[in-house]
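Structure at a glance
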Amino acid sequence: MVLRWTDFKTDVFVDWCPGCGNFGILVALQMALAELGLEPHRVVLVSGIGCSGKVPHFVNTYGIHTLHGRTLPFAQGIKIANPDLEVIAIGGDGDGLGIGVGHLVNAGRRNVDMTYLIHDNGVYGLTKGQASPTLQRGLKVKAIPKPNVNEAINPVMLAIAAGYTFVARAYAYDTKHLKETIKHAIQHKGLALVDILQPCPTYNDIHTKEWYAGEDRIDHETGKPIPRLYKLEEIGYDPVVHDVAEEFSKKVAAMEKAREWGDKIPIGIFYKNELVPTFHERIAKRIPFYLTLPPAKQIIHDEKGSPITDIMDFLEELKIT
Amino acid sequence: MVLRWTDFKTDVFVDWCPGCGNFGILVALQMALAELGLEPHRVVLVSGIGCSGKVPHFVNTYGIHTLHGRTLPFAQGIKIANPDLEVIAIGGDGDGLGIGVGHLVNAGRRNVDMTYLIHDNGVYGLTKGQASPTLQRGLKVKAIPKPNVNEAINPVMLAIAAGYTFVARAYAYDTKHLKETIKHAIQHKGLALVDILQPCPTYNDIHTKEWYAGEDRIDHETGKPIPRLYKLEEIGYDPVVHDVAEEFSKKVAAMEKAREWGDKIPIGIFYKNELVPTFHERIAKRIPFYLTLPPAKQIIHDEKGSPITDIMDFLEELKIT
Amino acid sequence: MAEVDFNWMAGGPQGSGVDAAANIFGRACGYGGLYVYGRREYHSNIKGLHSYFHLRVSNHEVSANLNDVDLLAAFDAEAVVRHIGEVVPGGGIIVDKDQLETRTLTIPTLPPEFKSVFQNYLKSQGLSDRLGDLLENAKKRGVQVFQVPYMELLKQIANRLGIDKLSKIMRMINVLTIGVSFGLVDYDIKLVEKAVKTFFRERPKIVEMNILALKIAYEYAKKSFPEGLNFRLPKLQTNEERIFLSGNQAVAVGKVLGGCRIQTYYPITPAADESEYIEAHEILGTRIPGVDAGVVVLQTEDEIAAINMASGATLTGARASTSTSGPGFSLMVEGLSWAGNNEVPVVITYYQRGAPSTGLPTRHGQDDLRFAIHAGHGEFPRIVLASGDIKECFYDAITAFNYAERFQLPVIHLIDKALANSSQTFPIFETKEVKIQRGNILGEDKLKDVEYRRFSFTETGVSPRVFLGTRGGIHWYTGDEHNEFGHISEESANRTKMVEKRMKKLEAVDREVPINEKVNFFGDKNAENIIISWGSPKGAILESLNKLTGEGFSLAFLQVRMVHPLPSKHVAEVLQKAKKIIDVEMNYSGQLGGIIKEKTGISMDFQILKYNGRPMTTTEVYNALKIVLSGQAPRRQVLTYGS
Amino acid sequence: MAEVDFNWMAGGPQGSGVDAAANIFGRACGYGGLYVYGRREYHSNIKGLHSYFHLRVSNHEVSANLNDVDLLAAFDAEAVVRHIGEVVPGGGIIVDKDQLETRTLTIPTLPPEFKSVFQNYLKSQGLSDRLGDLLENAKKRGVQVFQVPYMELLKQIANRLGIDKLSKIMRMINVLTIGVSFGLVDYDIKLVEKAVKTFFRERPKIVEMNILALKIAYEYAKKSFPEGLNFRLPKLQTNEERIFLSGNQAVAVGKVLGGCRIQTYYPITPAADESEYIEAHEILGTRIPGVDAGVVVLQTEDEIAAINMASGATLTGARASTSTSGPGFSLMVEGLSWAGNNEVPVVITYYQRGAPSTGLPTRHGQDDLRFAIHAGHGEFPRIVLASGDIKECFYDAITAFNYAERFQLPVIHLIDKALANSSQTFPIFETKEVKIQRGNILGEDKLKDVEYRRFSFTETGVSPRVFLGTRGGIHWYTGDEHNEFGHISEESANRTKMVEKRMKKLEAVDREVPINEKVNFFGDKNAENIIISWGSPKGAILESLNKLTGEGFSLAFLQVRMVHPLPSKHVAEVLQKAKKIIDVEMNYSGQLGGIIKEKTGISMDFQILKYNGRPMTTTEVYNALKIVLSGQAPRRQVLTYGS
Ligand SMILES: Cc1ncc(C[n+]2csc(CCOP(=O)(O)OP(=O)(O)O)c2C)c(N)n1
Ligand SMILES: Cc1ncc(C[n+]2csc(CCOP(=O)(O)OP(=O)(O)O)c2C)c(N)n1
Ligand code: SF4
Ligand code: SF4
Ligand SMILES: [Mg+2]
Ligand SMILES: [Mg+2]
């Protein structure tokens with residue numbers, strides 16, 4: 001059966017503001033799932049809290065809308081319990097880089113084979129526009145009373161420092177490129193993070209669609225705006241770690257690229273390293289049947305309801321007769 | 001009055017295991033405080049939970065032994081309320097890089113002018129030797145049933161990615177170098193992190209004092225061990241950002257150094273940047289009298305106990321007559 | 001003086017200016033000497049889903065809604081669908097003429113569970129889903145429908161202002177409906193103009209546009225509906241200074257007056273407005289020339305940091321607090337336990353909302369009383385104060401700091417969404433009597449030649465306090481059990497003493513805080529029936545009480561403000577006399593009732609509960625009480641009003 | 001059969017092998033057909049501070065200590081100082097000869113608050129602080145002092161083994177004292193050798209060294225103290241298979257038998273041992289050839305991750321749990337509320353310890369009952385089970401999963417440090433009757449052509465469950481209030497129904513779980529006096545009950561195992577009959593008593609409480625009960641035994 005992206009729609013009303021970048025992300029995600037031919041019941045979307053957190057309700061797959069900042073623990077718990085599921089974690093920049101950043105860093109240490117999409121809009125959308133951790137210091141977006149006093153976090157740089165094995169950036173309104181990036185992320189063996197630049201027309205009046213499109217800078221010759229975004233693949237950038245020896249230099253290259261901001265903002269895959277074993281591989285080293293018989297698939301009782309587990313090993317040790 | 005390090009001792013029994021690296025850290029800290037001539041009542045040590053968390057009880061300054069992973073929030077709250085205090089946060093590697101890493105990252109965004117010492121022993125000491133976030137994958141230290149399945153975090157790299165303006169590494173048993181490093185950290189204008197390699201003879205049987213000293217590698221000629229540690233200052237490494245333009249290249253250089261491990265392990269100052277405004281400077285931009293009249297020093301009532309605050313500004317706005 | 005009781009509702013999509021409309025409407029009434037109470041209802045959504053403001057206008061203080069709507073200003077078709085049932089016979093609906101053909105069942109923002117109920121209703125009434133039909137049906141029960149051509153009026157405005165695109169002024173539908181509303185009740189338009197001007201102050205262009213819209217709409221109403229609504233809104237004379245404010249604002253102002261100098265917060269509804277309001281006023285005025293004052297407001301990375309930063313700050317001598325709601329408070333629980341163990345005077349303002357979990361993040365609930373009292377592992381003293389109205393929010397915000405410092409313990413100030421997001425008119429708050437009590441504090445001068453012990457054993461359990469940085473007062477804090485110096489101690493005898501030292505502070509609270517700061521009693525001391533409640537139901541209860549005693553019922557009301565430690569002796573004394581005790585609460589299990597039974601053995605005879613996310617109205621509380629008083633009630637009545 | 005009741009204590013610095021000694025001692029007794037109960041006490045410290053093991057040997061099952069020590073094996077001077085008062089007349093102390101000159105007040109590890117009390121004691125007795133004097137003083141009251149030259153014996157061993165440095169074998173002081181101990185009571189050394197061999201299994205070199213030490217010490221005792229202790233420890237005949245295990249181990253084994261396949265944890269005392277024990281056995285045996293089973297144990301970054309990972313895992317169909325103690329549970333509270341809202345069958349094993357905050361991390365407490373019941377914002381159903389002994393820990397660990405899945409709610413299994421870290425001998429646990437009940441689960445086959453709703457409204461409140469990944473069963477979860485599909489819903493009518501759907505599961509628990517799974521009743525149904533309690537005091541209470549009924553008192557004991565939802569009807573029925581109700585708990589306020597009063601209106605007449613960080617002993621419970629029964633007791637007695 002060929003899947004179309006509309007197969008991944010629910011009839012829940014999509015209640016984002018008009019013009020919100022989330023619409024682009026939603027469609028790109030639905031298209032990516034369809035193009036990868038993933039059966040809806042095998043996919044689990046896990047989200048945090050925020051405007052971004054509502055995504056699962058709009059997608060016709062299993063959907064878990066969790067707690068603020070906790071999308072990664074839930075997602076990892078699910079994926080570890082049942083590696084056959086295609087697990088995609090979703091969250092806002094406040095969710096993932098503010099309250100949830102401890103999980104973000106520690107997930108890097110595990111490299112569970114799943115995907116993590118960050119809706120990076122520079123604000124706390126759903127609580128009405130406070131500064132998020134990606135908003136640069138000194139900027140005053142619409143709803144905050146005073147300019148932001150905190151330095152910004154660069155999600156790409158942080159993810160690389162934390163050990164993510166796939167780190168990309170995409171743009172909510174370049175749906176095609178975003179869709180391809182999500183597909184790469186899903187197909188990556190290991191933990192993949194995509195930082196998605198997402199205009200929030202309601203609260204982020206600085207990094208708007210128009211700003212990304214460069215409408216404030218008109219090319220004198222063509223009379224057209226000079227877009228701020230460019231694609232890494234177009235400049236021949238190679239994010240892949242082909243050999244353990246080049247790991248660090250690839251990381252530095254990625255960080256170097258990641259800090260470009262302002263006039264030229266790269267999107268695309270910054271870093272990709274499949275040489276690091278996934279968490280599943282690490283468990284399977286200890287529990288050989290783990291991949292075929294993960295926790296979710298084990299039978300724990302017989303027809304009569306009696307446990308099938310034999311605790312004799314334990315009792316033998318504890319015995320004092 | 002000249003202070004001696006013994007002025008900073010309490011008569012609380014120091015209950016670390018014999019040979020624990022924490023003894024070296026304690027003395028180095030006491031010497032640093034004495035040499036900087038800091039009056040004990042102006043110093044506040046704030047710690048997390050762990051073997052490392054006990055430090056404040058052994059030091060004759062104000063001491064706050066907080067919660068596991070929360071040393072930074074407490075410390076920042078204290079320092080922001082009263083910038084005149086010399087605040088030093090202390091914690092284990094589990095404390096700061098596991099449960100507390102969200103605060104570690106977000107503190108980097110604020111750059112509060114204080115010092116943070118991490119006792120980096122690769123294990124959770126006080127809970128009997130589980131793997132900490134700095135233990136490399138695949139290693140099996142004494143008390144863990146199976147080799148560690150998680151990748152290690154590099155604290156120096158992470159701190160730099162998070163925006164720390166001073167990042168150093170020191171060794172618990174090179175007391176003099178450690179003391180000097182702590183002094184530099186305290187004197188630094190901004191948030192300073194010192195990752196202190198701390199042997200835990202009880203649980204970390206891999207990265208022992210002997211290992212750091214290179215006792216497993218004997219120089220054939222001299223018959224002496226070849227130590228693993230070397231000092232950055234001795235190779236002419238310059239950690240200082242002298243100009244905003246060199247910020248990134250200094251960061252990369254620091255990260256490059258930070259990942260050296262195994263045969264050659266650098267200690268010293270990896271990165272130092274005083275060009276970033278401190279959090280106090282940022283607040284003072286908004287509240288001009290903040291530095292002279294911070295929250296802790298404001299009078300809030302008159303002799304009769306009546307509030308001195310005048311809320312007319314508020315009421316004026318709310319008035320409907 | 002003639003009674004005024006006018007219930008106005010504005011409804012439309014989130015982001016279409018419902019709040020602005022309500023604020024302007026409320027101010028306009030205020031300028032005319034009227035009192036206003038208004039409740040805000042909105043989805044957890046930024047733009048598009050339905051929101052409304054239910055506003056009550058009166059000639060005296062009011063602090064609750066009725067079920068009634070006298071005039072509904074519907075910005076869109078959904079507002080009609082959702083609220084038409086609430087409009088009373090004789091009341092009116094202002095509706096967009098162009099919407100009459102709307103098929104209500106196709107409105108995309110109506111959720112399936114609403115639609116299925118609504119569809120059944122239509123069926124039962126034999127109605128199509130055409131909006132016009134619904135309105136016709138309402139007319140049958142005496143509701144007036146005022147069809148207003150929103151687009152046409154907007155076009156006129158656009159023309160007059162030389163604006164080309166109608167989309168630019170669509171947001172002014174709200175002011176249009178205000179104009180029509182006031183036209184229909186023949187209110188003095190000057191007062192409304194003043195309200196518009198104040199609301200949009202500093203934006204003269206916007207003021208001008210809106211005044212124009214207001215006038216056009218007002219004139220239109222006068223001309224097209226010369227009869228107007230069957231009611232005229234009078235202007236009253238008063239010299240009293242009055243304010244119109246929300247619970248969020250009341251807490252904010254109370255805090256800064258009470259000396260709060262550090263406020264930490266992580267954004268969360270409905271708490272964040274308080275912090276942002278303080279931040280916008282971070283530099284404070286003082287009564288003493290040359291003395292500065294200011295609050296540092298810190299947006300933290302999470303609520304764990306928020307409470308622990310605030311606790312840290314209090315140790316330096318600053319009054320510090322944090323504000324949050326359920327999910328955030330859940331994350332603060334470990335820090336609370338540390339604060340309890342270390343006798344830290346931190347104040348936590350806890351805005352309850354619909355729960356569990358994310359629950360109904362923008363809706364009302366009173367589910368967290370037990371949680372506030374028992375949150376945190378271990379036993380340690382705390383005080384939990386519950387404000388019953390917006391005015392109490394103000395004073396309790398101050399008192400919370402005083403208790404915290406006097407008894408050296410964390411104070412939880414429990415508020416709820418119904419207080420936070422409702423606005424009300426009050427005579428300006430009296431502050432002459434406000435006092436700041438900081439408890440027993442030792443400065444450098446008192447510390448010479450003494451060996452200071454932060455946790456010295458004392459009669460009351462409260463030990464003299466020294467701020468960090470004080471010469472001669474070095475001491476330690478630890479989350480571990482500690483000796484008098486603040487050093488870790490696992491000794492069993494010390495442990496028993498320290499537990500008792502901490503816990504007996506609750507007895508000090510019992511002894512030292514006068515009962516009138518802990519409870520309010522309304523009505524006849526000898527009444528046969530006693531209502532017991534806490535928090536926001538107060539308004540609806542008080543009004544019902546007045547009506548019912550007026551009708552001859554023997555009824556009184558005990559409002560518990562200090563819910564922990566409960567003044568059990570007093571509560572027992574009051575309740576013992578009653579024949580019937582009626583517990584009114586906004587939760588499933590009647591939590592305060594449970595606490596009273598635990599502490600006094602006295603059972604609640606009747607429960608009037610509500611947990612649908614919407615506050616209690618006077619109408620439903622009155623009705624439910626009346627059923628009880630008439631001896632007809634089941635033990636448990638569950639109220640359900642509100643859409 | 002002659003009664004055996006022998007109380008042995010080993011004490012020394014943390015890290016000197018106290019636990020090992022106790023385990024070997026306990027095993028040795030077990031091999032001789034004796035029953036053992038032992039409590040472990042230690043500081044929150046890795047090496048150096050005082051720790052001890054208080055062990056009781058009997059000819060029948062015992063599950064509590066007495067205040068008595070019959071024989072104290074003191075590894076160092078501090079052990080003598082701390083425990084000399086507990087040694088009974090006729091009992092003995094094994095002490096290092098070389099320590100007699102130690103000035104006890106200079107022992108660096110004694111904290112100031114201990115020293116000041118001890119100093120007063122010395123003064124009052126007219127004693128110097130020389131250890132020898134203290135021992136002489138004890139002799140006056142009939143305590144025997146066995147001076148053993150530890151160093152000399154070690155030297156002998158070193159010589160025999162060809163070891164040059166004494167420091168290498170210093171750790172064997174523990175086995176030396178075991179040898180002496182068994183020598184003094186003339187126990188069969190073969191059994192002790194077997195215990196040493198099993199304990200050090202797989203390390204033959206260590207076995208050899210320790211057997212030698214054991215023998216040398218045993219012989220030394222025989223020779224030097226031919227009279228021995230005034231007591232002989234017999235060997236009993238039995239064919240029964242027995243195990244010797246701790247609460248931590250019992251839970252671990254129960255969990256895996258109950259089908260737990262994911263365990264998440266963040267290290268914390270006294271919970272972590274359970275997880276590590278499971279991890280060490282991650283590959284499980286099964287009864288069915290060819291079928292594999294294994295548990296994934298995950299050390300997470302914090303407790304927030306631990307509960308949320310476990311919750312996530314349950315949604316896939318795996319049985320998942322997490323274990324923690326107070327500070328960790330505090331951090332789990334928000335996740336718990338999510339699990340409650342989403343009807344997640346996650347199991348949380350909650351090991352209580354001394355609190356608040358870090359409190360007494362390695363000591364006992366029972367302070368968290370109210371917290372466990374009310375933790376989490378909002379109201380949602382949960383079950384709280386409290387095990388009373390190590391055997392119950394095992395069975396409850398299984399039941400917890402069954403309840404969680406049958407009723408689809410989080411289950412909190414409350415244990416305490418006294419259970420976790422005590423070890424006891426039992427006849428091997430019977431598992432034939434154990435059943436796994438997974439509740440209503442729909443597979444792919446049941447989902448064809450149905451529109452599945454995860455939260456469908458049903459009679460009991462429990463809806464059929466589908467695991468993630470099942471074809472045809474797509475659904476959603478959200479922390480927001482939701483409709484039947486699991487999509488966000490803020491509709492007021494749906495809200496009321498959903499709250500009721502969730503909460504009425506508690507009624508299902510009331511109805512469907514038989515009372516004998518919820519309470520245990522011991523003694524005469526018509527007894528005049530009833531003890532009420534929960535958790536670890538059970539052992540001391542049961543033993544006291546036996547003694548007191550033996551003495552003719554009319555007394556019974558109601559142990560509450562399901563503390564929430566409390567089986568109030570039954571509890572009320574039982575308690576109504578009693579003349580005196582005696583609440584026995586290890587917390588300050590008598591929390592279970594409060595809950596019973598809240599739910600039944602019945603007050604506790606007497607409280608026997610303890611909160612010094614040490615478990616209750618039979619001696620003190622017996623004494624306190626006797627005072628109550630003799631009509632002499634104040635309402636509240638606070639117990640204080642234990643150093
Ligand atoms: C523990 C907790 N604290 C606070 C909140 C309130 N809250 C809801 S959404 C949100 C922020 C959303 O920002 P972001 O993660 O950037 O998502 P966005 O709305 O921008 O997509 C917050 C703080 C919460 N739900 N839970
Ligand atoms: C919330 C919470 N979880 C767990 C613990 C238990 N705990 C005490 S110390 C510790 C780890 C200590 O490791 P680390 O931070 O590396 O410090 P170290 O002992 O190695 O100095 C833990 C997990 C706790 N105190 N609080
Ligand atoms: S607030 Fe911003 S992020 Fe949220 S829906 Fe609106 S535009 Fe999108
Ligand atoms: S366990 Fe390790 S870190 Fe802790 S005191 Fe002992 S040696 Fe030091
Ligand atoms: Mg955001
Ligand atoms: Mg450590």
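About the criteria used
- Residues numbered from 1 in each chain as written.
- Chains lettered and ligands numbered in written order.
- Predicted model: local features only at pLDDT ≥ 70, side-chain atom pairs only at ≥ 80, totals over all residues.
- Heavy atoms only, no water.
- Helix = DSSP H or I, 4+ residues; strand = E, 2+ residues; numbered from the N terminus.
- Rg over C-alpha atoms; globule rule 2.2 N^0.38 Å.
- Buried < 20%, exposed > 50% of the residue type's maximum accessible area, 1.4 Å probe, protein only.
- Contact = heavy atoms within 4.5 Å.
- Areas by Shrake-Rupley, 256 points an atom, 1.4 Å probe, with all protein chains shown as cover.
- Near = heavy atom within 4 Å.
- Polar contact = N/O pair within 3.5 Å; in protein donor to acceptor, adjacent residues only side chain to side chain.
- Salt bridge = Lys/Arg side-chain N within 4 Å of Asp/Glu carboxyl O.
- Nonpolar A, V, L, I, M, F, W, Y, C, P; charged D, E, K, R; others polar.
- Donors = N, O, S within 2.8 Å, 3.2 Å for Na, K, Ca; no water.
- Buried area = accessible area lost by both parts, 1.4 Å probe.
- Phe/Tyr/Trp six-rings, centres within 6.5 Å; stacked < 30°, edge-to-face > 60°.
- Lys NZ or Arg CZ within 6 Å of the ring centre and 35° of its normal.
- Core = buried A, V, L, I, M, F, W, Y, C linked by side-chain atoms within 4.5 Å.
- Pairing = 2+ DSSP bridges.
- Lys, Arg positive; Asp, Glu negative; His and termini not counted.
- Patch = residues over 30% accessible without salt bridge, like charges linked within 9 Å, V, L, I, M, F, W, Y side chains within 5 Å.
- Charge placed at Lys NZ, Arg CZ, Asp CG, Glu CD.
- Axes fitted to C-alpha atoms, helices over the stretch in contact; angles between N-to-C directions.
- Parallel < 35°, antiparallel > 145°, perpendicular 65-115°, else oblique.
- Left-handed = near helix turned anticlockwise from the far one by under 90°.
- Domains from an automatic or database assignment.

1. Considering the overall build of chain C
Along the backbone of chain C there are 21 helices and 24 strands. For chain C, the C-alpha radius of gyration of 27 Å lies close to 26 Å, the compact-globule estimate for 643 residues. Its C-alpha atoms give chain C principal-axis dimensions of roughly 85 × 60 × 50 Å. When the 643 residues of chain C are sorted by exposure, 70% land in the buried category. A separation of at least 24 residues holds for 76% of the contacts in chain C among residues at least 6 apart in sequence.

2. A word on the overall build of chain A
Looking only at helices and strands, one finds 10 helices and 11 strands in chain A. If one aligns the C-alpha atoms of chain A with their principal axes, the spans along those axes are about 90 × 50 × 45 Å. Taking all 321 residues of chain A together, the buried fraction comes to 67%. In chain A, of all internal contacts separated by at least 6 residues, the share reaching a separation of at least 24 is 68%. Of the roughly 10500 Å² of accessible surface on chain A, a fraction of 54% belongs to carbon and sulfur atoms.

3. With respect to the site of ligand 1
Among the 23 residues in the neighbourhood of ligand 1, the closest are listed as Cys51, Ser52, Asp93 and Asp95 of chain A together with Glu303 of chain C. The residues that come close to ligand 1 belong to more than one chain, namely chains A, C and D. In this structure, an oxygen atom belonging to ligand 1 sits 2.9 Å away from a main-chain N or O atom of glycine 125 of chain A. Between ligand 1 and glutamate 303 of chain C, the relevant distance is 2.5 Å, taken from a nitrogen atom to a side-chain nitrogen or oxygen of the residue. Considered on its own, ligand 1 offers 580 Å² of accessible surface; in the complex 98% of this is hidden by protein.

4. Focus on the interface of chain B and chain C
Residue-level contacts link 62 residues of chain B with 80 residues of chain C. Linking chain B with chain C are 6 salt bridges. Arginine 471 of chain C is the partner of glutamate 39 of chain B in a salt bridge, and the nearest nitrogen-oxygen pair spans 2.9 Å. The dominant element in the side of chain B that touches chain C, judged by the number of residues it contributes, is helix H3 (residues 71-81) of chain B, at 7 residues. Classifying every residue of the side of chain B that touches chain C by side-chain character gives 32 nonpolar, 20 polar and 10 charged.

5. Focus on the coordination of the magnesium ion (ligand 6)
Residue and element names in this part refer to chain B. In the first shell of the magnesium ion (ligand 6), the protein supplies Asp93 (OD), Asn121 (OD1) and Val123 (O), at 2.1 to 2.2 Å from the metal. All donors of the magnesium ion (ligand 6) belong to a single chain; written as a sequence motif, their spacing is D-x27-N-x1-V. Placement of the pair is aspartate 93 in helix H4 (residues 93-99) and valine 123 in strand S5 (residues 123-124), with a sequence separation of 30 residues. Looking at aspartate 93, the relative accessible area reads 1%, which means it is buried.

6. Brief notes about the coordination of the magnesium ion (ligand 5)
Of the protein atoms, only Asp93 of chain A (OD), Asn121 of chain A (OD1) and Val123 of chain A (O) coordinate the magnesium ion (ligand 5), at distances of 2.1 to 2.2 Å. Read in sequence order, the donor residues coordinating the magnesium ion (ligand 5) give the pattern D-x27-N-x1-V.

7. Thoughts on the interface of chain D and chain B
Listed per partner, the contact involves 26 residues of chain D and 27 residues of chain B. Here chain D and chain B share an interface that buries about 1900 Å² over both sides, 56% of which is from carbon and sulfur atoms. Taken together, the connections running from chain D to chain B amount to 2 salt bridges. Taking the shortest distance from any N to any O, the salt bridge between aspartate 273 of chain D and lysine 128 of chain B comes out at 3.5 Å. For the interface between chain D and chain B, the tally reads 8 residue pairs in polar contact (both at pLDDT 80 or more). Per element, the largest residue contribution to the side of chain D that touches chain B is 5 residues, and it comes from helix H10 (residues 272-280) of chain D. Here the side of chain D that touches chain B is built from residues that sort into 10 nonpolar, 7 polar and 9 charged.

8. Here we look at helix H10 (residues 272-280) of chain C
Two residues of an α-helix separated by three or four positions point the same way, owing to the 3.6 residues in each turn. By the criterion of burial, H10 of chain C is predominantly enclosed, with 7 of the 9 residues buried. Three or more residues of H10 of chain C are buried, namely Ala272, Glu274, Ser275, Glu276, Tyr277, Ile278 and Glu279 of chain C.

9. Comments concerning the packing of aromatic side chains
Per the stated rule, a full pass over the model turns up 60 aromatic pairs over all chains. On the basis of an interplanar angle of 35° and a centroid distance of 5.8 Å, the ring pair of tryptophan 211 of chain B and tryptophan 261 of chain B is categorised as tilted. Of the two residues, tryptophan 211 of chain B is situated in helix H8 (residues 209-212) and tryptophan 261 of chain B in the loop between helix H9 (247-258) and strand S10 (265-272); the sequence distance between them amounts to 50 residues. Judged by its relative accessible area of 15%, tryptophan 211 of chain B is buried. Centre to centre, the rings of tyrosine 220 of chain C and phenylalanine 225 of chain C are 6.0 Å apart; their planes meet at 80°, and the pair counts as edge-to-face. Neither tyrosine 220 of chain C nor phenylalanine 225 of chain C differs from the other in exposure class; each is buried. Grouping aromatic residues by their ring pairs yields a cluster made of Tyr171, Tyr173, Trp211, Tyr212 and Trp261 of chain A. For the cation-ring pair, lysine 209 of chain A lies above tyrosine 173 of chain A, with the distance from its terminal atom to the ring centre recorded as 4.3 Å.

10. Structural notes on the site of ligand 4
Within the structure, ligand 4 sits among Trp16, Cys17, Cys20, Asn22, Cys51, Asn121, Gln198, Cys200, Pro201, Thr202 and Tyr203 of chain B together with Ile46 of chain D. Chains contributing residues to the immediate surroundings of ligand 4 are chains B and D. Residue composition of the shell around ligand 4, grouped by class: 8 nonpolar, 4 polar and no charged.

11. Side note on the nonpolar core
Counting residues in hydrophobic clusters, the biggest one holds 223 residues, and the most contacted among them are Tyr164 of chain A together with Tyr164 of chain B. Setting aside residues up to four positions removed in sequence, tyrosine 164 of chain B forms contacts with Leu72, Leu104, Ala107, Gly108, Tyr116, Ala159, Leu191, Leu193 and Tyr271 of chain B.

12. Quick look at the sheet that holds strand S10 (residues 293-294) of chain C
With antiparallel pairing, the 3 strands of this open sheet are ordered in space as S11(B)-S9(C)-S10(C). Each edge of the open sheet carries a strand with a single partner, namely strand S11 (309-310) of chain B together with S10 of chain C.

13. A word on the side chain of arginine 109 of chain B
By the secondary structure assignment, arginine 109 of chain B is in helix H5 (residues 101-110). One buried charged side chain, arginine 109 of chain B, makes no salt bridge at all; its nearest oppositely charged neighbour is glutamate 301 of chain C, positioned 6.4 Å away. Residue contacts for arginine 109 of chain B: discarding those within four places in its chain leaves Ser132, Pro133, Val149, Asn150, Glu151 and Ile153 of chain A together with Ala162 and Arg282 of chain B.

14. Things to note about a positive patch on the surface
A cluster of basic side chains, namely Lys142 of chain A together with Lys47, Arg171 and Arg203 of chain C, defines a positive patch on the protein surface. As for its placement among the helices and strands, lysine 47 of chain C is situated in the loop between strand S2 (35-41) and strand S3 (50-58). Looking at lysine 47 of chain C, the relative accessible area reads 33%, which means it is partly exposed.

15. Examining the packing of helix H9 (residues 247-257) of chain D against H10 of chain D
When two helices pack together, their arrangement is given by the angle between their axes and by how far apart the axes lie. All names here are of chain D. Remark: H9 packs on H10, axes separated minimally by 8 Å, with the N-to-C direction vectors making an angle of 50°. Compared by their axis directions, H9 and H10 come out oblique. H10 is crossed by H9, and the crossing has right-handed handedness. The residues of H10 that touch H9, namely those facing Asn248, Gln249, Val251, Ala252, Val253, Lys255 and Val256, are Asp273, Glu274, Tyr277 and Ile278.

16. Some thoughts on the environment of leucine 275 of chain A
Residue and element names in this part refer to chain A. Relative to the elements of secondary structure, leucine 275 occurs in the loop between strand S10 (265-272) and helix H9 (279-286). Along the primary structure leucine 275 and lysine 189 are separated by 86 residues, whereas in three dimensions their C-alpha atoms are 9.1 Å apart. In contact with leucine 275, other than residues within four places in its own chain, are Val241, His242, Asp243 and Val244.

17. Some details on the pattern of salt bridges
The final tally for this structure, using the stated rule, is 137 salt bridges over all chains. Across the salt bridge formed by glutamate 35 of chain A and lysine 183 of chain A, the nearest N and O atoms sit 2.7 Å from each other. Of this pair, glutamate 35 of chain A sits in helix H1 (residues 22-35) while lysine 183 of chain A sits in helix H6 (residues 175-187), placing them 148 residues apart in sequence. Here the salt bridges share partners, and the residues they tie into one network are Arg370, Glu598 and Lys599 of chain C together with Arg370, Glu598 and Lys599 of chain D.

18. Remarks on the domain arrangement of chain C
Residue and element names in this part refer to chain C. The domain boundaries assigned to chain C delineate domain 1 (5-224), domain 2 (244-427), domain 3 (440-513) and domain 4 (516-639). Just the C-alpha atoms count here: the centres of domain 2 and domain 4 sit 26 Å apart. Contacts between domain 2 and domain 4 engage 27 residues on the former and 26 residues on the latter. Here domain 2 and domain 4 share an interface that buries about 2200 Å² over both sides, 51% of which is from carbon and sulfur atoms. For the domain 2 face of the interface with domain 4, the top three residues by lost area are Gln366, Leu369 and Arg370, together amounting to 29%. Between domain 2 and domain 4 we count 5 salt bridges in total.

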